[in-house]
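Structural characterization, general
Single-letter residue listing:
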Amino acid sequence: MYNGELEVQAKRKALAVLHDEITHILNAARDLSSLTDSIIKGTDKETELSLVRMKNAGEEVENLRRKMTREISDTGSLMVYREDVLRTAYIIDDIAGYNTGIAFRLSNIKINTLKKGKFDEDIGELINMVVEAIFKLNEMARALSINPSSTIELAQEVQSIERKVDNSYRKVVIKALNEIPNTKDLLLVKDAVEGIEGMADKCQAASDSLTILALSM
């Protein structure tokens, strides 16, 4: 088998793993979206199930990233853009870390605090925007194998979502500072929305990395 064919096979494997990574994160982000509802409703069982699923998804993403690292290491110099692939995989891994951190903070905020200032709605809106951004990343990863040039348009959509998250994040932080008297809950809410904003930033970074990868293919 000649080097060109080996490179094509290595590329297909790497892109498949990237897509799998993002799919797991998308599912975990959807669990994060439903977590707030289950916390408000007081359904402890559903809350616990969501936390377990997110934890498992994070572990699976880490395993996939390690798998990709091994496979790219094995291909050596066959894949000319291997650094771009690895960079993207590590950024995606970071997104999974934000997801579990946000979930931990949300699960420790008093229900009355979330209800009183309608912070559950604010946080839910922020999370839904991040879910949308990750869905766009999923489409970008799929497009790499079909039509790499279409990733540029999708990247612009991710950037637009990230800006919306930034604007909403600032409003929620100011609202929390003005309306939450309990220091513990204030810190948890602030940390949670900062985590969501950081997650959106990582989505933007992953989008940029996927765009660079598309241009190098």
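First, a word on scope: everything that follows refers to the structure included in this document. Quick caveat, the model's predicted, so the values are computed rather than measured. (Residues numbered from 1 in each chain as written. Predicted model: local features only at pLDDT ≥ 70, side-chain atom pairs only at ≥ 80, totals over all residues. Heavy atoms only, no water.)

1. Quick word on the overall build of the chain
Going by this rule: Helix and strand labels come from DSSP, where a helix needs a run of H or I of at least four residues and a strand needs a run of E of at least two; each type is numbered from the N terminus. Burial status follows relative accessibility: with a 1.4 Å probe on protein chains alone, a residue under 20% of its type maximum counts as buried, one over 50% as exposed, and anything between as partly exposed. Two residues form a contact once any of their heavy atoms are found within 4.5 Å. Using a 1.4 Å probe, accessible areas were evaluated by the Shrake-Rupley method; residue-level cover was limited to the displayed protein chains. When charges are counted, Lys and Arg contribute as positive and Asp and Glu as negative, whereas His and the chain ends are disregarded. By convention, charge coordinates are those of NZ in Lys, CZ in Arg, CG in Asp, or CD in Glu.
When you go through the chain residue by residue, the secondary structure sums to 7 helices and 0 strands. Tracing the chain from N to C terminus, the helices and strands come up as α-α-α-α-α-α-α. Considering only C-alpha atoms, the chain reaches an extent of 65 × 35 × 25 Å along its principal axes. Every one of the 217 residues in the chain was classed for burial, and the buried ones make up 47%. Within the chain, contacts between residues separated by at least 24 positions form 82% of all contacts whose residues are at least 6 apart in sequence. Counting only carbon and sulfur atoms, one obtains 50% of the accessible surface of the chain, whose full area is about 10900 Å². Side-chain charges in the chain split into 29 positive and 35 negative, and the spacing between the mean points of these groups amounts to 2 Å.

2. So, the packing of aromatic side chains
Where we set the bar: Geometry of aromatic contacts follows a simple scheme: Phe, Tyr and Trp rings, the Trp one being its six-membered ring, pair when their centres are within 6.5 Å, and the pair is stacked under 30 degrees between planes, edge-to-face over 60, tilted otherwise. Only when the NZ atom of a Lys or the CZ atom of an Arg is both within 6 Å of the ring centre and within 35 degrees of the ring normal do we say a charge sits over the ring.
Inspection of every chain in the model, using the stated rule, returns 0 aromatic pairs. Against the face of Phe 119 rests Lys 175, its NZ or CZ located 4.9 Å from the ring centre.

3. Some details on the side chain of Ser 209
By secondary structure assignment, the location of Ser 209 is in helix α7 (residues 183-215). Assessed through its relative accessible area of 3%, Ser 209 is described here as buried. Excluding anything up to four places from it in sequence, Ser 209 contacts Asp 84, Arg 87, Thr 88 and Ile 91.

4. Describing the nonpolar core
What counts here: By nonpolar core we mean a set of buried residues, namely Ala, Val, Leu, Ile, Met, Phe, Trp, Tyr and Cys, connected to one another through side-chain atoms within 4.5 Å.
Among the nonpolar cores identified, the biggest contains 66 residues, and Leu 18, Leu 32, Ile 95, Leu 106, Val 130, Ile 134 and Leu 137 are the most heavily contacted of them. Elements supplying a minimum of two residues to this core: α1 (3-41), α2 (44-75), α3 (82-106), α5 (119-146), α6 (151-179) and α7. The residues touching Val 130, leaving out its near neighbours within four places in the chain, are Val 165, Ile 196, Met 199, Ala 200 and Cys 203.

5. A few points about the environment of Asn 182
Filter applied, for reference: Under this definition, polar contacts are N or O atom pairs within 3.5 Å; protein pairs additionally need one hydrogen-donor-capable and one acceptor-capable atom, and for neighbouring residues in sequence, both atoms have to be side-chain atoms.
Looking at the secondary structure, you find Asn 182 in the loop between α6 and α7. Residue class for Asn 182 comes out partly exposed when judged on its relative accessible area of 28%. Taking the C-alpha atoms as reference, Asn 182 lies 45 Å from Met 68; in sequence the two are 114 residues apart. Within the structure, Asn 182 has its side chain in polar contact with the backbone nitrogen of Lys 184 (distance 3.0 Å).

6. What about the pattern of salt bridges?
What counts here: A pairing counts as a salt bridge when a side-chain nitrogen of Lys or Arg comes within 4 Å of a carboxyl oxygen of Asp or Glu.
One pass over the structure, following the stated rule, counts 11 salt bridges. A salt bridge links Arg 53 to Glu 46, with the shortest nitrogen-to-oxygen separation between them at 3.4 Å. A salt bridge links Asp 94 to Lys 202, with the nearest nitrogen and oxygen atoms 3.2 Å apart. With Asp 94 in helix α3 and Lys 202 in helix α7, this residue pair connects regions lying 108 residues apart in the sequence. Residue Lys 202 is classed as partly exposed on the basis of its relative accessible area, which comes to 24%. Shared partners join several salt bridges into a network, and the residues in it are Asp 31, Glu 46 and Arg 53.

7. Remarks on the environment of Glu 59
Structurally, Glu 59 is set in helix α2. Remark: the alpha-carbon pair of Glu 59 and Thr 47, spanning 12 residues in sequence, is separated by 19 Å.

8. Notes on unusual backbone geometry
Residues other than glycine seldom take positive phi values, yet Lys 118 does so here, at roughly 55 degrees. Examined against the element boundaries, Lys 118 turns out to sit in the loop between α4 (111-116) and α5.

9. Topic: the packing of α3 against α7
For clarity, the threshold we go by: Structural elements are reduced to axes, namely lines fitted to C-alpha atoms, with helices fitted over the stretch in contact, and the angle between N-to-C directions of any two is expressed from 0 to 180 degrees. Put simply, angles under 35 degrees are roughly parallel, angles over 145 are roughly antiparallel, angles from 65 to 115 are roughly perpendicular, and the rest are oblique. Working rule for handedness: look at the near helix, and if it is turned counterclockwise from the far one by less than a right angle, call the crossing left-handed; if clockwise, right-handed. Gly is put with the polar residues, along with every residue not named as nonpolar or charged; the nonpolar set is Ala, Val, Leu, Ile, Met, Phe, Trp, Tyr, Cys and Pro, and the charged set is Asp, Glu, Lys and Arg.
Where α3 contacts α7, the axes come no closer than 9 Å and their chain directions differ by 165 degrees. Judged on the interaxial angle alone, α7 and α3 are roughly antiparallel. Between α3 and α7 lies a crossing of left-handed hand. A class-by-class count of the residues in the contact of α3 with α7 yields 16 nonpolar, 5 polar and 6 charged.

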